[in-house]
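What the coordinates show
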Amino acid sequence: MADRYREMRSLSDSLEMLFGLCGIQGKKVEIRPAPGLVRAAERIAGDQTLCRYLKELGQQAQEAAEKLKEQQLDVWNSRQNEARLEQLEEETERQRGMLAKYEEEQEQLRRLLAESERELEMLQQEKLAGEAEKIAAEAGAGRPENGEREESQRNMILDLIAMSDSLLMQRDWLRENAPEDAGRMKLILGQADACRKILMKAGVEILEDEGHFDSSRHTVVDTRPADEAFLADQIAEIFRPGYIWRGEVIRGEEVILYTWEGV
């Protein structure tokens, strides 16, 4: 025979768990078996219907408690996800602020660099202009009788040639390694052109010959195999220009020369 008191205790435990999940606290009622005469009467009455009802109520209460657990877990996960999403949004916003600040600083650095380059160009142009005026004045005065004065003028021309060589080397390096740096390339080309004009104003002839090699004007720095015999001893490429001053080759034109090794 089913024990109604056992079913009632089971129902009470399930309801207590369900109330606890809902946040409801109550006083637990103790269920005690009835006295012996009452239990004997219950067995005689065969109260199976009440026991089944109590059992079904207990099962429903237990199922409700399990579903409520799952719902609470889903709510907790959802809240955790929302909190994490808020953290990510805050972190993203912070990163955006840092990126905007970094870009602003980079823009300031670019402006400062551009200003510095312009100031440097102006200073170099002023320096070159001053040297040009000095060299031109000395060259216009004719051949000085003082050998020290002529030597000083010659040294200044050689310094300008060395500066021009350095600028041309910087130009070639930029072409190979940083072709996108148009601002620096423009600055270097401008300075190289200024050196060239100053040298010409001082009476210096710039050698940029092509064609047949002339040992009195040209210096071979490298060779290149020719595809045809007629190219032998022809200039393949100008490495650096040469310079003539007062009829003297003070620096021969440096060239790459074609050579022929065929039969």
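Everything quoted here is computed from the prediction, not taken from an experiment. For every chain, the first residue of its written sequence is number 1, and the numbers climb from 1 along that sequence. With the structure being a predicted model, the display of local features is reserved for residues of pLDDT at least 70 and the display and counting of side-chain atom pairs for 80 or more, all residues being used for whole-chain, interface and lining totals. Excluding hydrogens and water, the side-chain values take into account all heavy atoms of the structure.

Thoughts on the side chain of Glu253
Operational definition: Strands here mean DSSP runs of E at least two residues long; helices mean DSSP runs of H or I at least four residues long; both are numbered from the N terminus. The classification of residues rests on relative accessible area computed with a 1.4 Å probe and restricted to protein chains. Under 20% of the type maximum is buried, over 50% is exposed, and intermediate values are partly exposed. Charged residues are defined here as Lys and Arg on the positive side and Asp and Glu on the negative side; His and the ends of the chain fall outside this count. Criterion for a salt bridge: a side-chain nitrogen of Lys or Arg within 4 Å of a carboxyl oxygen of Asp or Glu. Residues are treated as being in contact if the distance between any of their heavy atoms lies within 4.5 Å.
Tracing the backbone through its elements, the reader meets Glu253 in strand β6 (residues 253-259). There is no salt bridge for the buried Glu253, and the closest opposite charge comes from Arg217, which lies 6.0 Å off by N-O distance. Leave out the neighbours within four places in its chain, and Glu253 touches Leu207, Glu208, Asp209, Arg217, His218, Thr219, Ile235, Ile238, Arg240, Pro241 and Gly242.

Let's talk about the sheet that holds β6
As a reminder of what qualifies: Here a strand pair is declared whenever DSSP counts at least two bridges between the two strands. The axes used here are C-alpha line fits, helices contributing only the stretch in contact, and every angle between their N-to-C directions lies in the interval 0 to 180 degrees.
Spatial ordering of the open sheet is given by β2-β6-β3, a layout of three strands whose pairing is mixed. A strand with exactly one partner marks an edge of an open sheet, and here the two such strands are β2 (218-225) and β3 (235-240). For this sheet, the mean inter-axis angle between neighbouring strands, taken without regard to orientation, is 30°. Sheet topology note: the β3/β6 ladder contains four bridges and is antiparallel. When the sheet's bridge partners are listed, Ile235 is paired in β6 with Leu257.

What about the sheet that holds strand β5 (residues 248-251)?
As summarised here, the arrangement of the three strands in space is β1-β4-β5, forming an open sheet in which the pairing is antiparallel. Two strands lie at the open edges of the sheet, namely β1 (204-207) and β5, each paired on one side alone. Strand-to-strand, the axes of this sheet are offset by a mean angle of 35°, without reference to chain direction. Bridge count between strand β4 (residues 242-245) and β5: three bridges; the pairing is antiparallel. Along β5, the bridge assignment pairs Trp245 with Glu248.

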